[in-house]
Amino acid sequence: MKVLKFGGSSVATSERIKQVCKIINGFVENKEQLLVVVSAFGGVTDQLINMAKAAENGDRKYEEQLLDLYNRHFKTAQELLGGESLEIVAKFLEQKVNNLSSLMQGVYLLQELSPRMLDRVASFGELLSSYIIYHYVNNTLGSTKFIDSREVIKTDSQFGAAKVHFAQTNKLLNEAYDANINIHIMGGFIASDQNNITTTLGRGGSDYTAAIVSAGLGASELEIWTDVDGVMTADPRKVKRAFTLDSMTYEEALEMSHFGAKVIHPPTIQPVLENNIPIRIRNTFNPKFPGTLITRTSKDTLTVKGISSISDVALINIQGSGLIGVTGIAGRLFKTLSQANVNIILITQASSEHSICFAIRPNQAEAAQKAIEQEFESEINMGMVQSPQIQNNLSIVAVVGSKMKKTTGISGKLFKALGNNGVNVYAIAQGSSELNISVVINKSDESKSISALHQAFFTNDTNTINIFLIGSGLIASTLLDQINTQKTELKEKMGLELRLAGLTNSRKMLFNAKGMDTHNWKENLENSDLEANIADFFDNVVELNLPNSILVDCTASNVPSQYYPQILQSSISIVTPNKIANSSSLKEYKLLRQLAKKHDAGFLYETNVGAGLPVISTLKDLLRSGDQITKIEAVLSGSLSFIFNTYNGTQGFADVVSLAKDKGYTEPDPRDDLSGKDVARKALILAREIGQDIEMEDIEIENILPQACIEAPDVVSFMDTLEKHDEAFKLKHIAAAEKGCVLRMLCTIDQNKTQIGLKAVDADNPFYNLSGSDNMIVFTSKRYRDRPLVVKGPGAGAAVTAAGVFAEIIQIGNNIPKM
């Protein structure tokens, strides 16, 4: 014999009840005998409680709700039944609703709602649903018996959460059960005391009813049918990749239920655990799925079975020298909290005995604080114990698994995953059974923590990276094209899944925490209802609080860098080709590195200096390995390299500059390149990287532009003015050519100064043979003194710059441990 329990969502409508009947029939056809426990129709219990509270408050709207209740049940009966059965049920409904109306009228007149009365009112949901479902199943399948739960489940008189008298209940159950009948149907949740007064078993009571019946009748299995496929590794609303477990132990189910898993209620497990009866969680709307089997032992090989959470807790801490070495302190604490009806969810004590902290529901925090202050009044007055401190807006996240016991590294994985995502832990608890590790964290970090832990323990082969992209220009669009091209290979070969979670340009912004379409991003961004606001964009990045987030700034604007500290303080990494932040004041330059280190966030900017060339990384490797840089000589501008490599005196200098701009080599305003400002920013970054504390004004820059070009009001005017000064550049070219030289915009960094200027170099100079938009950086160091280390290649262009940004995104992704 099996016991099947169907929840409120499974019996919410006539169509769903028909589906339940089909499921029951499948068991009957397999010669299974069944006892079926049903909940109230979905939402009815809450409706009954709201009606009672409205009546208590003198609000006659309960009458409308009562009418709605009757109409819903009568309509369902009409859709399921006909003839004599409908007449019987209609008469039953009318009688019960009239009884309920009388009760409501009494509550309304007295404006008093006792726990006893509330139990009686709440019981009508299961009474009505079970009677309707019984008649439909009996008409459809035959051989069905109705059992009034109040006649067989006996309890004490603790209304609202009555305690079961198991011996009497088991006797009555066996007397009511008829082995010659295929199907028995009864309501869950409701019972009666020794005086036959209606009681309830508390929320989740229908599951508990099914467990009581299973134990009392010695069922072969208890199946709880709900609206999910079984017990999942995490809440699927918080973790996209949560999956259904094949099996788990009773203890694991108890732990996950205690820490927020909603599929099964903790009291349900105890009766079946004592009788070694398996529980199976199944989906009414996916009946072919086998669900999750819960037994004493599990064959599952997973070390961790699930990540659960309690979303809103308060943490109370008491501490002081008066706690150290004093026996009975914990006993006094727990006793006084018990007397104040405060339920402790989690407790932990430092080995020094200097402090005890515990987590409770926020609505009990003040009562707990008051009770502790009264109990320890003398110690507080003497300064031996401090007044209890309350911290609100916290959550508990628990990692559960019976195989965690004696498995090394579990705690390390947990704290590494949380640390990588900037999650601060306020308290830790782990029992000696090692069945769970619980941590108290900020409520705002709950979803991020669950996602990060789920990735650490269940998706070992894949790290999901959430990208927030600023800019929609050439570099940004090229980056997204490259991501689209490599997405499959990154996931299959490197275990990286890149998701675009946020995007903004100067007009619109767009967010999707689950990841947005990276193929139609332009259209989706333009159609977004969100107007661009850079401050709001950064606030959203922080508030979304997604694990493994990276901000990618692909603009040349000086605005985004103002918000970099906010991002780094939130443990969000930054990848950027934007040079503004690193070439700002020395104070800001150092602050960003301090914040990145403090908050364990990446701050990568390889493309600041040489587009896709490994300039910064090479320099850092030299310095980390103990080398000493004595001089850096470089052509640091791909745009200027292209311009002076292309210009031969026969064409207009302005035409070459225009060509470079069209190819995307120059900054939006070419004066940033030609004035030496862009080179100066790169030189400043390199100088700072080798340890020089310099500012922009410390760099000597040769101005190669006529004053009129510098003062032009906009880019168009600048290009027109530059064309008028072609002759000046032609003369410079001729002068160099007559000496067998070529013009190069060279930067020199040594121990004394940093200089930038247009130089004529001969054929013996390594910079002579540069071509296209190539950059060249020559490092002279203690190790590379006689033969300097040369890095050479394209130093401009959307493709190589985007590739450099892409590479650093991958670098950060690979540094997130795949645990």
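Presented here is an overview of the structure given in this document. Note that this is a predicted model, so its numbers are computed, not measured. (Residues numbered from 1 in each chain as written. Predicted model: local features only at pLDDT ≥ 70, side-chain atom pairs only at ≥ 80, totals over all residues. Heavy atoms only, no water.)

1. Overview of the overall build of the protein
Then, in step 1: Secondary structure summary: the protein contains 30 helices and 29 strands in total.
Then, in step 2: For 819 residues, the compact-globule estimate of 2.2 N^0.38 gives 28 Å, and the C-alpha radius of gyration of the protein, at 36 Å, exceeds that figure by more than 25%.
Then, in step 3: By principal-axis analysis of the C-alpha atoms, the protein measures approximately 115 × 70 × 55 Å.
Then, in step 4: By the burial criterion, 53% of the 819 residues in the protein qualify as buried.
Then, in step 5: Put simply, 72% of the contacts in the protein that link residues at least 6 apart link residues at least 24 apart.
Then, in step 6: Where the 80 positive side-chain charges of the protein centre and where its 91 negative ones centre are 4 Å apart. (Helix = DSSP H or I, 4+ residues; strand = E, 2+ residues; numbered from the N terminus. Rg over C-alpha atoms; globule rule 2.2 N^0.38 Å. Buried < 20%, exposed > 50% of the residue type's maximum accessible area, 1.4 Å probe, protein only. Contact = heavy atoms within 4.5 Å. Lys, Arg positive; Asp, Glu negative; His and termini not counted. Charge placed at Lys NZ, Arg CZ, Asp CG, Glu CD.)

2. Some details on the nonpolar core
Note on soluble globular proteins: their nonpolar side chains tend to be buried together.
Then, in step 1: In terms of nonpolar packing, the biggest core is built from 72 residues, with Leu674 and Leu722 touching the most fellow members.
Then, in step 2: Examining the composition of this core, we find that seven residues originate from one element, helix 26 (residues 677-689), more than from any other.
Then, in step 3: The residues touching Leu674, leaving out its near neighbours within four places in the chain, are Leu640, Ile643, Phe653, Val657, Ile704, Leu705, Phe718, Leu722 and Met745.
Then, in step 4: Formed by 51 residues, the second largest nonpolar core is a distinct cluster that contains Ala211, Val231, Leu273 and Val400. (Core = buried A, V, L, I, M, F, W, Y, C linked by side-chain atoms within 4.5 Å.)

3. Digging into the environment of Ile441
Then, in step 1: Within the element layout of this structure, Ile441 appears in strand 16 (residues 436-442).
Then, in step 2: Of the residues examined, Ile441 reaches a relative accessible area of 0% and is grouped as buried.
Then, in step 3: Considering only alpha carbons, one finds Ile441 and Ile396, 45 residues apart in sequence, at a separation of 6.3 Å.
Then, in step 4: Apart from the residues lying within four places of it in its own chain, the contact partners of Ile441 are Leu394, Ser395, Val397, Val423, Asn424, Val425, Tyr426, Glu446 and Ser449.

4. Quick look at the packing of helix 24 (residues 653-662) against helix 28 (residues 715-724)
Angle between the axes and distance between the axes are the two parameters that describe a pair of packed helices.
Then, in step 1: Between helix 24 and helix 28, the least distance of the axes is 8 Å, while the angle of their chain directions is 145°. Where helix 24 abuts helix 28, its residues Phe653, Ala654, Val657, Ser658 and Lys661 lie against Val715, Met719, Leu722 and Glu723.
Then, in step 2: Split by residue class, the contact of helix 24 with helix 28 holds six nonpolar, one polar and two charged. (Axes fitted to C-alpha atoms, helices over the stretch in contact; angles between N-to-C directions. Nonpolar A, V, L, I, M, F, W, Y, C, P; charged D, E, K, R; others polar.)

5. Comments concerning the packing of aromatic side chains
Then, in step 1: If you walk through the whole model with that rule in mind, you get 17 aromatic pairs.
Then, in step 2: Ring geometry for Phe6 against Trp225: centres 5.8 Å apart, planes inclined by 25°, an arrangement best described as stacked. Placement of Phe6 in strand 1 (residues 2-6) and of Trp225 in strand 7 (residues 221-226) is noted, with a sequence separation of 219 residues between them. Both residues of the pair, Phe6 and Trp225, count as buried.
Then, in step 3: Their ring planes at 70° and their centres at 6.2 Å tell us that Tyr564 and Phe603 sit as a pair that is edge-to-face. (Phe/Tyr/Trp six-rings, centres within 6.5 Å; stacked < 30°, edge-to-face > 60°.)

6. A closer look at the side chain of Arg744
Then, in step 1: Relative to the helices and strands, Arg744 resides in strand 26 (residues 742-750).
Then, in step 2: One buried charged residue, Arg744, remains without a salt bridge, the closest side chain of opposite sign being Asp774 at 9.7 Å.
Then, in step 3: With residues near it in sequence (within four places) discarded, Arg744 still touches Val635, Phe644, Asn645, Gly757, Leu758, Lys759, Val761, Phe767, Tyr768 and Leu770. (Salt bridge = Lys/Arg side-chain N within 4 Å of Asp/Glu carboxyl O.)

7. Comments concerning the environment of Ala654
Then, in step 1: Structurally, Ala654 is set in helix 24.
Then, in step 2: Residue classification places Ala654 among the buried residues on the basis of a relative accessible area of 4%.
Then, in step 3: Those residues in contact with Ala654, other than ones at most four positions away along the chain, are Met719, Leu722, Glu723 and Asp726.

8. A look at a negative patch on the surface
Then, in step 1: On the surface, Asp655, Asp714, Asp720 and Glu723 cluster together to form a negatively charged patch.
Then, in step 2: Turning to its location among the elements, Asp720 is positioned in helix 28.
Then, in step 3: Owing to a relative accessible area of 42%, Asp720 belongs among the partly exposed residues under this scheme. (Patch = residues over 30% accessible without salt bridge, like charges linked within 9 Å, V, L, I, M, F, W, Y side chains within 5 Å. Areas by Shrake-Rupley, 256 points an atom, 1.4 Å probe, with all protein chains shown as cover.)

9. Examining the sheet that holds strand 13 (residues 355-360)
Then, in step 1: Sheet architecture is open: six strands sit in the order 12-13-11-14-16-15, paired in antiparallel fashion. This sheet does not close on itself; its edge strands, each paired only once, are strand 12 (346-349) and strand 15 (425-430). Each strand of the sheet is rotated relative to its neighbour by a mean of 30°, with strand direction disregarded.
Then, in step 2: Relative to the sheet, helix 9 (residues 250-258) contacts strand 11 (306-319), strand 14 (389-400) and strand 16, its axis offset from that of strand 11 by approximately 65°.
Then, in step 3: This element, helix 11 (residues 329-339), spans strand 11, strand 12 and strand 13 of the sheet and lies at about 25° to strand 13. (Pairing = 2+ DSSP bridges.)

10. Focus on the packing of helix 8 (residues 205-217) against helix 10 (residues 266-274)
Then, in step 1: Contact geometry of helix 8 with helix 10 gives a least axis separation of 8 Å together with a crossing angle of 5°. When the interaxial angle is binned, helix 8 and helix 10 end up roughly parallel. For the pair helix 8 and helix 10, the contacting residues are Asp207, Tyr208, Ala211, Ile212, Ser214 and Ala215 in the first and Pro267, Thr268, Pro271 and Val272 in the second.
Then, in step 2: Per-class residue counts for the contact of helix 8 with helix 10 are seven nonpolar, two polar and one charged. (Parallel < 35°, antiparallel > 145°, perpendicular 65-115°, else oblique.)

11. Some words on helix 5 (residues 115-122)
Then, in step 1: Along helix 5, the positions that sit buried rather than exposed are Asp119, Val121 and Ala122. Projected onto a plane normal to the axis of helix 5, the buried residues spread over an arc of 165° and lie on a single side.
Then, in step 2: Next to the buried residues of helix 5 lie helix 2 (44-56), helix 4 (83-110), helix 6 (124-141) and strand 6 (198-200). (Arc of directions from axis to C-beta.)

12. Let's talk about the pattern of salt bridges
Pairing is possible between side chains that carry opposite charge, provided their charged atoms lie close to one another.
Then, in step 1: Applying the stated criterion across every chain yields a total of 28 salt bridges.
Then, in step 2: Salt-bridge contacts for Lys18 lead to Glu15; the nearest nitrogen and oxygen are separated by 3.4 Å. In this pair, Lys18 and Glu15 are both assigned in helix 1 (residues 14-29), three residues apart and thus about one turn of the helix distant.
Then, in step 3: The class of Glu15 is exposed, set by a relative accessible area of 52%.
Then, in step 4: Across the pair Arg688 and Glu695 runs a salt bridge whose closest N-O atoms are separated by 3.2 Å.
Then, in step 5: Relative accessible area serves as the criterion here: at 25%, Glu695 is assigned to the partly exposed category.
Then, in step 6: In the salt-bridge network here, residues are joined through shared partners; they are Lys2, Glu32, Glu221, Glu223, Arg280 and Arg282.

13. Observations regarding the side chain of Lys96
Then, in step 1: For Lys96, the position within the fold is in helix 4.
Then, in step 2: No salt bridge forms around the buried Lys96; measuring N to O, its nearest opposite-charge neighbour Asp148 is 6.3 Å away.

14. Details of helix 26
Then, in step 1: Helix length check: helix 26, at 13 residues, gives a terminal C-alpha distance of 18 Å against a target of 18 Å (1.5 Å per residue), a fit within 8%.
Then, in step 2: In terms of residue burial, helix 26 counts as a mostly covered element, since twelve of its 13 residues are buried.
Then, in step 3: Within the span of helix 26, buried status applies to Asp678, Val679, Ala680, Arg681, Lys682, Ala683, Leu684, Ile685, Leu686, Ala687, Arg688 and Glu689.
Then, in step 4: Count one or two residues on from helix 26 and you reach Gly691, which has phi positive near 105°. (Expected span 1.5 Å × (residues − 1).)

15. Focus on the sheet that holds strand 27 (residues 754-761)
Then, in step 1: The sheet built from six strands is open, its strands ordered 25-27-26-24-28-29 with mixed pairing. Two strands lie at the open edges of the sheet, namely strand 25 (700-701) and strand 29 (789-794), each paired on one side alone.
Then, in step 2: Of the strands in this sheet, strand 24 (629-635), strand 28 (774-781) and strand 29 touch helix 22 (residues 615-624), which is tilted by about 10° from strand 28.
Then, in step 3: The strands that helix 23 (residues 638-646) touches are strand 24, strand 26, strand 27 and strand 28; relative to strand 26, the one it contacts most, it runs at about 150°.

16. Quick notes on the pairing of strand 18 (residues 496-504)
Then, in step 1: Among the nine residues that make up strand 18, nine are buried, leaving the element largely enclosed by the rest of the structure.
Then, in step 2: Sheet analysis places strand 17 (residues 463-470) next to strand 18, joined by eight bridges and oriented parallel. Its bridge partner being in strand 18, Thr464 is matched across the sheet by Glu497.
Then, in step 3: On the question of chirality, the crossover connecting strand 17 to the parallel strand 18 by way of helix 16 (residues 474-494) is right-handed.
Then, in step 4: In sequence, strand 18 turns back onto strand 19 (residues 508-511) through a hairpin of three residues. (Right-handed = clockwise from strand over helix to strand, strands pointing away.)

Nothing here speaks to function; it is geometry throughout.
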